[in-house]
Amino acid sequence: QVQLVESGGGSVQAGGSLRLSCEASGLTFENYAMGWFRQISGKEREFLGGISGKHWWGTTTDYAASVKGRFTVSRDDSKSMAYLEMNSLTPDDTATYFCAAARTIVVVRSAPAYWGQGTQVAVSS
């Protein structure tokens, strides 16, 4: 079955950076778009960014306005891994972060087929 496993969460001071990883198994990774979401306690899950599977022209990325320029999504198809690089973190970024997979970058933003279990990120001031 499909499994997505996040790692790389932890505690960081404001202004710092973290890179989250998502290891996928049970699917043909290069054919899937990967997305990253977060959920702050008491709030709805929020889309952060996504990256398409490889096309002949390369990949396409999509970001939420709230994190564009600070967060970067990438992937390594040879390792079935997706990444979320987060910079200039603030306490408002404290949340549980999830990766997700879907067949297209449009669908991964709105209705992913698969979800990871999440990894916690805590940013202290």
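Predicted model, so just to flag it, every value in this text is computed and none were measured. (Residues numbered from 1 in each chain as written. Predicted model: local features only at pLDDT ≥ 70, side-chain atom pairs only at ≥ 80, totals over all residues. Heavy atoms only, no water.)

## Side note on the overall build of the chain
Counting secondary structure elements, the chain contains one helix and 11 strands. In the chain, the order of α-helices and β-strands from amino to carboxyl end is β-β-β-β-β-β-β-β-β-α-β-β. Principal-axis analysis of the C-alpha atoms gives the chain an extent of 40 × 30 × 25 Å. Per-residue burial over the chain gives 44% buried out of 125 residues. Accessible surface computed for the chain: about 6500 Å², of which carbon and sulfur atoms make up 46%. Taken as two groups, the 11 positive and 11 negative side-chain charges of the chain have centres that lie 3 Å from each other. (Helix = DSSP H or I, 4+ residues; strand = E, 2+ residues; numbered from the N terminus. Buried < 20%, exposed > 50% of the residue type's maximum accessible area, 1.4 Å probe, protein only. Areas by Shrake-Rupley, 256 points an atom, 1.4 Å probe, with all protein chains shown as cover. Lys, Arg positive; Asp, Glu negative; His and termini not counted. Charge placed at Lys NZ, Arg CZ, Asp CG, Glu CD.)

## Overview of the environment of Gly 42
Position of Gly 42 among the secondary structure elements: in the loop between strand S4 (33–39) and strand S5 (46–51). When the C-alpha atoms of Gly 42 and Pro 91 are compared, they prove to be 16 Å apart, with 49 residues separating the residues in sequence.

## Regarding the side chain of Asp 77
Mapped onto the elements, Asp 77 comes out in the loop between strand S7 (71–76) and strand S8 (81–86). Discounting residues that sit within four places of it in the chain, Asp 77 has contacts with Phe 29, Glu 30 and Lys 54. (Contact = heavy atoms within 4.5 Å.)

## A short note on the pattern of salt bridges
A side chain with one charge may pair with a side chain of the opposite charge, provided their charged atoms come close. Within this structure, the stated rule accounts for five salt bridges. Across the pair Asp 93 and Arg 38 runs a salt bridge, and its minimum N-O distance is 2.7 Å. Taken as a pair, Asp 93 in the loop between S8 and strand S9 (95–102) and Arg 38 in strand S4 lie far apart in primary sequence, 55 residues in all. With respect to class, Asp 93 is no different from Arg 38; both count as buried. (Salt bridge = Lys/Arg side-chain N within 4 Å of Asp/Glu carboxyl O.)

## Some words on the nonpolar core
Formed by 31 residues in total, the largest nonpolar core has its most connected members in Met 34, Trp 36, Phe 71, Leu 84, Met 86 and Tyr 97. Those elements that place two or more of their residues in this core are strand S3 (18–25), S4, S5, S7, S8, S9 and strand S11 (119–124). Counting residues per element, this core draws most heavily on S9, at five residues. (Core = buried A, V, L, I, M, F, W, Y, C linked by side-chain atoms within 4.5 Å.)

## Some points on the pairing of strand S1 (residues 3–7)
The side-chain alternation of S1 yields one buried face, formed by Leu 4 and Glu 6, and one unburied face, formed by Gln 3, Val 5 and Ser 7. Pairing between S1 and S3: five bridges, direction antiparallel. Paired with Gln 3 across the strands is Ser 25, a residue of S3. (Pairing = 2+ DSSP bridges.)

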